[in-house]
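# Residue-level structural notes
Here is what each chain is made of, one letter per residue.
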Amino acid sequence: MLKAWNLANGTLLMAEIKGVILLFCLLAAFLLSGCATGNRNLYHWGSYESQVYNTYCEPDEASASNQIEKMEADIEVARSKGLPLPPGFRAHLGYLYFMQGKYDLATQSFEAEKQAFPESAALMNRFITQIKGQDA
Amino acid sequence: MRKITGLFLSTVFILSGCATPGPPPDYTAFRERHPRSILVLPPLNESTDLKASYSVLSTVSKPLAEMGYYVFPVAVIDQFLKENGMPTPGEMHQIPLDKVDEIIGADSILYLVVNEYGTKYTVVNSAAVVQVTARLVDVKTGERIWSGQVKLWDDASGGSGDLVAMLINSAINQVISQSTDQSHYVAEDVSSCLFMTCPSERLLYGPYHPAYGTD
């Protein structure tokens, strides 16, 4: 195809064709890479932020059981996509379990938050100690 | 040869779409203290819309975390502070830094003010406007290490020059904006612009981002 086109034009040199192909490749690579770095998300967000929004702005939709159901479903999707859960997700879920009196699940979630993000350790340890106090 | 020039020109044109408006902010203090974690306090609200503070609060975790920071769970923090004698954002913004260090263990605090939030109506149109001012403070030193301000609006104009069509469009848009809280979507754009995508404002990459330390 390229050869036929070359013959028809007659004037385009082989070097120029190579140049054009190289430019096309560079352009394609540039377009594929996108302008901003990090177009792909680091985390699977699922419904986390809309749960936060609903808690304050649509409280009818934000009962603890309703939120837990959605967030547990998010965990499955994150797992299937192989993406980690975002910062705060497990702590938020743990807090919902805590509100429902599910202290074991709450403790597990706070531990998981600490495991995934050691920056949260001081606060998570505080919550876990608090649960132990309530449970006793 | 003309074809090749054309290709060059089109590449330049595409590149110009990513050009940065204005000089980048001064990151000296930021680099010195470089936080790993950010405690976001519920924003102060200067607008007349009661939803403004928490609508904006629910849009900041994603851009901050996607920039590579640990973001404390915003709703849990809000509840925790309320239970500890700070019922309003105004009181939360007064929390002593040594308490934050001791009890929560955060490296930095993000103080937000919602300057504007809501739909502005004119005869023929309506626009959702959101403006947020942000200040990031190092917990150990109390030093301000970054600040930014972004204002965006979503002009709901249908783009038609016909006045009757514009009026009808305006009526429809106003109904839609009331039912879906259009301002909330604008708030999402404000947050991602402020922390992530706007070159004149954004944060440096944090420790969980693959590009940490390269900017």
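Residues numbered from 1 in each chain as written. Chains lettered and ligands numbered in written order. Predicted model: local features only at pLDDT ≥ 70, side-chain atom pairs only at ≥ 80, totals over all residues. Heavy atoms only, no water.

### Description of the confidence of the model for chain B
Basically, it comes down to this: Confidence of the predictor at the level of single residues is given by pLDDT, which spans 0 to 100. Any pair of residues with heavy atoms lying within 4.5 Å of one another is described as a contacting pair.
Per-residue confidence for chain B gives a mean pLDDT of 83, with 77% of residues at or over 70. Here residues 1-21 of chain B is a poorly scored stretch, pLDDT under 50, and it has 20 contacts once near neighbours within four places are set aside; other chains count.

### Focus on the state of the cysteines
Residue and element names in this part refer to chain B. Which entries qualify depends on this criterion: Note on disulfides: each one is a pair of cysteine sulfur atoms within 2.5 Å. Buried residues are those whose accessible area, probed at 1.4 Å on protein chains only, stays under 20% of the maximum for their type, while exposed residues exceed 50% and partly exposed ones sit between those limits.
Enumeration over the complete set of coordinates arrives at 1 disulfide over all chains. Disulfide pairing places cysteine 193 opposite cysteine 198 at an S-S distance of 1.8 Å. Here the S-S torsion is close to -100°, and the disulfide linking cysteine 193 with cysteine 198 is therefore left-handed. With a relative accessible area of 8%, cysteine 193 lands in the buried category.

### Quick look at a negative patch on the surface
As a reminder, the rule being used: Like-charged residues within 9 Å of one another, or nonpolar side chains (Val, Leu, Ile, Met, Phe, Trp, Tyr) within 5 Å, are grouped into patches, provided each residue has over 30% relative accessible area and no salt bridge. Accessible surface is estimated by sampling points in the Shrake-Rupley manner with a 1.4 Å probe; for residues, cover comes only from the protein chains shown. A pairing counts as a salt bridge when a side-chain nitrogen of Lys or Arg comes within 4 Å of a carboxyl oxygen of Asp or Glu. Only four residue types enter the charge count, namely Lys and Arg as positive and Asp and Glu as negative; His and the chain termini do not. Charge positions come from single atoms, namely NZ of Lys, CZ of Arg, CG of Asp or CD of Glu. Secondary structure elements are taken from DSSP: a helix is a run of H or I of four residues or more, a strand is a run of E of two residues or more, and numbering for both begins at the N terminus.
Negative charge collects at one region of the surface, where B:Asp154, B:Asp155, B:Glu188 and B:Asp189 lie side by side. Its place among the elements puts B:Glu188 in helix H9 (residues 182-197).

### Re the pairing of strand S1 (residues 37-40) of chain B
Residues and elements named next belong to chain B. Our working definition: By this definition, two strands are paired if DSSP reports at least two bridges between them.
The two faces of S1 match: Ser37 and Leu39 on one face and Ile38 and Val40 on the other face are all buried. Sheet analysis places S1 next to strand S3 (residues 70-71), joined by 2 bridges and oriented parallel. Paired with isoleucine 38 across the strands is valine 71, a residue of S3. Direction of pairing for S1 relative to strand S4 (residues 108-121): parallel, over a ladder of 3 bridges. Residue pairing in the sheet places isoleucine 38 in a bridge with serine 108 of S4.

### Side note on the nonpolar core
Inclusion rule: Residues enter a nonpolar core if they are buried and are Ala, Val, Leu, Ile, Met, Phe, Trp, Tyr or Cys, with the set joined through side-chain atoms within 4.5 Å.
Of all hydrophobic cores here, the largest spans 85 residues; its most connected members are B:Val40, B:Leu110, B:Trp146, B:Phe195 and B:Leu203. Here this core gets 7 residues from one element, more than from any other, and that element is helix H5 (residues 89-99) of chain A.

### What to know about the packing of aromatic side chains
All names here are of chain A. Going by this rule: Centre distance within 6.5 Å is the pairing criterion for rings of Phe, Tyr and Trp, where only the six-membered ring of Trp is used; planes under 30 degrees apart are then read as stacked, over 60 as edge-to-face, and the remainder as tilted.
Going through the model one piece at a time under the given rule, you end up with 14 aromatic pairs over all chains. Between tyrosine 95 and phenylalanine 98, the ring centres sit 6.4 Å apart and the planes meet at 35°, which makes this aromatic pair tilted. On the criterion of helical spacing, the pair formed by tyrosine 95 and phenylalanine 98 is a turn pair, its members being 3 residues apart in helix H5. Note on tyrosine 95: relative accessible area 14%, which makes it buried.

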